[in-house]
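Working through the structure, step by step
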Amino acid sequence: MKTELSEYYGNGNGRTAKVLIETMGTEKKFYVDCYTKDMWNGIVEIHPSTEQAAEDFAEDFVLYNRSVLSE
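Since the model is a prediction, treat every value here as computed from it, not as a measurement. (Residues numbered from 1 in each chain as written. Predicted model: local features only at pLDDT ≥ 70, side-chain atom pairs only at ≥ 80, totals over all residues. Heavy atoms only, no water.)

Scanning the protein for helices and strands turns up 1 helix and 4 strands. If you list the helices and strands of the protein from N to C, you get β-β-β-β-α. Whereas a compact globule of 71 residues would reach a radius of gyration of roughly 11 Å, the protein reaches 12 Å, a difference of no more than 12%. Along the first, second and third principal axes, the C-alpha set of the protein runs to 40 × 20 × 20 Å. Per-residue burial for the protein yields a buried fraction of 34% across its 71 residues. Look at the contacts in the protein between residues 6 or more apart in sequence, and 30% of them connect residues 24 or more apart. Carbon and sulfur atoms make up 49% of the accessible area of the protein, which totals about 4,600 Å². Taking the average location of the 7 positive side-chain charges in the protein and that of its 13 negative ones, the two points are 4 Å from each other. (Helix = DSSP H or I, 4+ residues; strand = E, 2+ residues; numbered from the N terminus. Rg over C-alpha atoms; globule rule 2.2 N^0.38 Å. Buried < 20%, exposed > 50% of the residue type's maximum accessible area, 1.4 Å probe, protein only. Contact = heavy atoms within 4.5 Å. Areas by Shrake-Rupley, 256 points an atom, 1.4 Å probe, with all protein chains shown as cover. Lys, Arg positive; Asp, Glu negative; His and termini not counted. Charge placed at Lys NZ, Arg CZ, Asp CG, Glu CD.)

So this is what it looks like as structure tokens:
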């Protein structure tokens, strides 16, 4: 089960990204769920799997129009 940690919004560009965590025993995986103008763009598993890497990806996606497909 994934739990939402944070949500990012673009500056008037219609982009949103949610940072999610999935915990299985002692293992943690971080994901970024990306949306453009209310359309789902995909979910990215972050490697290395750290919360900071996921937060950075989400911020880059909403601010700099980073493509999910290029990751």
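That shown, we press on.
We now examine the side chain of Glu22. Relative to the assigned elements, Glu22 resides in strand S2 (residues 15-24). Buried Glu22, no salt bridge; nearest opposite-charge side chain is Lys2, N-O distance 4.5 Å. In this structure the side chain of Glu22 is engaged in a polar contact, spanning 2.9 Å, whose partner is the side chain of Tyr31. (Salt bridge = Lys/Arg side-chain N within 4 Å of Asp/Glu carboxyl O. Polar contact = N/O pair within 3.5 Å; in protein donor to acceptor, adjacent residues only side chain to side chain.)

Right, let's get into the side chain of Arg15. For Arg15, the position within the fold is in strand S2. At 3.3 Å, the side chain of Arg15 and the backbone oxygen of Phe61 are in polar contact.

As far as function goes, none of this settles anything; it's purely spatial.
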